[in-house]
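Read off the chains here:
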Amino acid sequence: MNTNRPVPLLDVPRGNAPMREKFLEALANVVDSGRFLFGPDVKKLEEECARWSNARFGVGCASGSDAILLSLMAVGLREGDEVICPSFTFFATASAVSRLGGVPVFVDIDPTTFNIAPAALKAAITEKTKAVIPVHLFGQCADMDEIMSICDRQGLVVIEDAAQSIGANINGRPAGAWGHCGCISFYPTKNLGGMGDGGMIVTNDEELEDRLRLYSGHGMRPRYYHKVIGINSRLDSMQAAVLNVKITHLDDAVAGRQRNANLYQELFSLAGLGDEITLPVAKFGEGHVWNQFTIRVHAGRRDELKAFLTEKNIGSEIYYPVPLHMQKCFQSLGYRPEDLPETLKASKEVLSLPIFPELEADEIKIVVDQVKQFFAIAQRRAA
Ligand SMILES: *Cc1c(COP(=O)(O)O)cnc(C)c1O
């Protein structure tokens, strides 16, 4: 085994290569059909995503970010409405709230899963709370049993940010259809990644499906008569055609990620780095679809480890270095960093390692060996 072999964080071409001919055929069909929007490929993908999410409907849109924005529009978010969400997430979870004049209310996470802590969510509910956006971060479902029981009792809208987590589930019940609607992203690094931007909202609510379509098409119905002020957000047939090919391999891709996660767990356990790092926990077992394999690095060594891995040509990334409650654009909301201590701590400790489905066992061994090497060198220096 060549231990100097570079290991990328993500290798999109490696994943796509075996499907190349199928992609070209699917794209040629779109070219020949001339139906670049609203074609049969979009409808098919909507049905497939609904099936994966155990939902009745899927509504395509231009991105995962738009999926969240459209969901908030369709449930009737109004100026001043509060929406509870985690701070430890990608920006799009909360920006949609602000864009519509709502107020994001950031709450802390459960340190073992990085997902929103149900007790913190409950404590943040006020008279003004309209909705909650739990995020299924890194491929693992938030604690939806707890969250739904709190939100149902209070009559709150639940919009699941499942951008990283198509197919994630709790005892077989998938992300996306626990609440009112679920938002999926087809950004190329997601578990079902397209060749550009794309998104989908899944829902069981027929009326909501109708409103989502209305808002995503400029609020226009019939043509040139505008009922509400919507936006233009569509999934195009090219993306849908590609994604219809990829979704037939999604089961295998998820299995690959799970196999890789298991090998990491095994090798890291053997490495005996329990004091130096904490491994990710799959709270709901096989329901974790591992969009990221995210470790915690203790004793303030995270950035040093990342630099070491970079030097060894091993990809790693920090998701997310600056929590949303500490972002400049949200300064006016008045949070202090220490208001969300687990979020702050996570942002200083997390490091995501390569986990993509086609990663080879040898590559995982290299990653683990180099992490071991880093701590061994550090120990020698300390001695
Ligand atoms: C990627 C992502 C989004 C946004 O999806 P885009 O398709 O990139 O717009 C939203 N929320 C989370 C948690 C994400 O990871």
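Residues numbered from 1 in each chain as written. Predicted model: local features only at pLDDT ≥ 70, side-chain atom pairs only at ≥ 80, totals over all residues. Heavy atoms only, no water.

Turning next to the overall build of the chain. Helix and strand counts for the chain come out as 13 helices and 12 strands. Principal-axis analysis of the C-alpha atoms gives the chain an extent of 75 × 55 × 35 Å. Going through the 383 residues of the chain one by one, you find that 55% of them count as buried. Considering only intrachain contacts with a sequence separation of at least 6, the fraction spanning at least 24 residues in the chain is 72%. Looking at the chain as shown, the accessible area adds up to about 17100 Å², and 50% of this sits on carbon and sulfur atoms. (Helix = DSSP H or I, 4+ residues; strand = E, 2+ residues; numbered from the N terminus. Buried < 20%, exposed > 50% of the residue type's maximum accessible area, 1.4 Å probe, protein only. Contact = heavy atoms within 4.5 Å. Areas by Shrake-Rupley, 256 points an atom, 1.4 Å probe, with all protein chains shown as cover.)

Another aspect to go through is the site of the ligand. Close contacts around the ligand come from 17 residues, with Gly64, Ser65, Asp161, Ser185 and Lys190 the closest. For the ligand, an oxygen atom lies 2.5 Å from a polar atom in the side chain of serine 65. With respect to the ligand, the side chain of aspartate 161 contributes an N or O atom lying 2.8 Å from a nitrogen atom. For the ligand, whose free accessible area comes to 380 Å², the fraction covered by protein is 93%. Contributions of two or more residues to the shell around the ligand are made by helix H4 (64-74) and helix H5 (92-99). For the shell around the ligand, the leading source of residues is H4, giving 3 residues. Split by residue class, the shell around the ligand holds 7 nonpolar, 8 polar and 2 charged. (Near = heavy atom within 4 Å. Polar contact = N/O pair within 3.5 Å; in protein donor to acceptor, adjacent residues only side chain to side chain. Nonpolar A, V, L, I, M, F, W, Y, C, P; charged D, E, K, R; others polar.)

Its domain assignment divides the chain into domain 1 (13-247) and domain 2 (250-382). Relative to domain 2, the C-alpha centre of domain 1 lies at a distance of 26 Å. With 44 residues of domain 1 at the contact, the number on the domain 2 side is 36 residues. Summed over both sides, the interface between domain 1 and domain 2 buries roughly 3400 Å², with carbon and sulfur atoms accounting for 61% of that surface. At the junction of domain 1 and domain 2, the tally comes to 2 salt bridges. Put simply, arginine 14 and glutamate 363 hold a salt bridge, and the shortest N to O gap is 2.8 Å. The interface formed by domain 1 and domain 2 holds 23 residue pairs in polar contact (both at pLDDT 80 or more) in total. (Domains from an automatic or database assignment. Buried area = accessible area lost by both parts, 1.4 Å probe. Salt bridge = Lys/Arg side-chain N within 4 Å of Asp/Glu carboxyl O.)

Bringing the packing of aromatic side chains into the picture now. Tallied over the entire structure, the rule returns 14 aromatic pairs. When the centroid spacing of 5.9 Å and the interplanar angle of 10° are considered together, the rings of tyrosine 264 and phenylalanine 268 count as stacked. Of the two residues, tyrosine 264 and phenylalanine 268 are both situated in helix H10 (residues 250-271); the distance of 4 residues between them amounts to about one turn of the helix. Under the relative-accessibility criterion, tyrosine 264 is labelled buried at 0%. Given the relative accessible area of 3%, phenylalanine 268 is considered buried. Ring geometry for phenylalanine 374 and phenylalanine 375: centres 4.9 Å apart, planes at 75°, overall edge-to-face. Like phenylalanine 375, phenylalanine 374 is buried. An aromatic cluster is defined as three or more aromatic residues linked by ring pairs; in this entry it consists of Phe88, Phe90, Phe114, Phe138, Tyr319 and Tyr320. A cation over a ring is seen here: arginine 173 above tryptophan 178, with NZ or CZ 3.8 Å from the ring centre. (Phe/Tyr/Trp six-rings, centres within 6.5 Å; stacked < 30°, edge-to-face > 60°. Lys NZ or Arg CZ within 6 Å of the ring centre and 35° of its normal.)

Right, let's get into the side chain of arginine 302. Secondary-structure assignment places arginine 302 in helix H11 (residues 302-311). A residue is classified by how much of its surface remains accessible, and arginine 302, at 7% relative accessible area, is buried. In terms of polar contacts, arginine 302 uses its side chain to reach the side chain of aspartate 303, at 2.6 Å. Of the polar contacts made by the side chain of arginine 302, one reaches the backbone oxygen of lysine 348; its length is 3.5 Å.

The next point concerns the pairing of strand S12 (residues 350-353). What you see with S12 is no split at all: Val350 and Ser352 on one side and Leu351 and Leu353 on the other are buried throughout. In this sheet, S12 lies alongside strand S11 (residues 293-297) in antiparallel orientation, the contact comprising 4 bridges. For arginine 296, the partnering residue across the bridge sits in S12 and is valine 350. (Pairing = 2+ DSSP bridges.)

Moving on, we get to the environment of lysine 345. Tracing the backbone shows lysine 345 in helix H12 (residues 341-349). Judged by relative accessible area, which is 43%, lysine 345 ranks as partly exposed. Here the alpha-carbon distance between lysine 345 and proline 111, two residues 234 residues apart in the chain, equals 8.9 Å.

Moving on: unusual backbone geometry. The peptide bond linking arginine 221 to proline 222 adopts the cis configuration, its omega dihedral lying at -5°. With respect to the secondary-structure elements, proline 222 resides in the loop between helix H8 (206-216) and helix H9 (237-247). Residue tyrosine 320 is reached from tyrosine 319 by a cis peptide bond, and omega for that bond is 5°. Despite not being glycine, alanine 299 has its phi angle at roughly 60°, a positive value.

Strand order across the open sheet formed by 7 strands is S1-S9-S8-S5-S4-S2-S3, with mixed pairing between neighbours. A strand with exactly one partner marks an edge of an open sheet, and here the two such strands are strand S1 (57-61) and strand S3 (103-107). Direction aside, the axes of adjacent strands within the sheet are offset by 25° on average. Examined bridge by bridge, S1 and strand S9 (residues 199-203) share 5 bridges and lie antiparallel to one another. Considered in S9, the bridge of phenylalanine 57 is made with threonine 203. Its contacts with the sheet put H4 on S1, strand S2 (82-86), strand S5 (157-161), strand S8 (181-185) and S9, and the angle it makes with S8 is roughly 160°. (Axes fitted to C-alpha atoms, helices over the stretch in contact; angles between N-to-C directions.)

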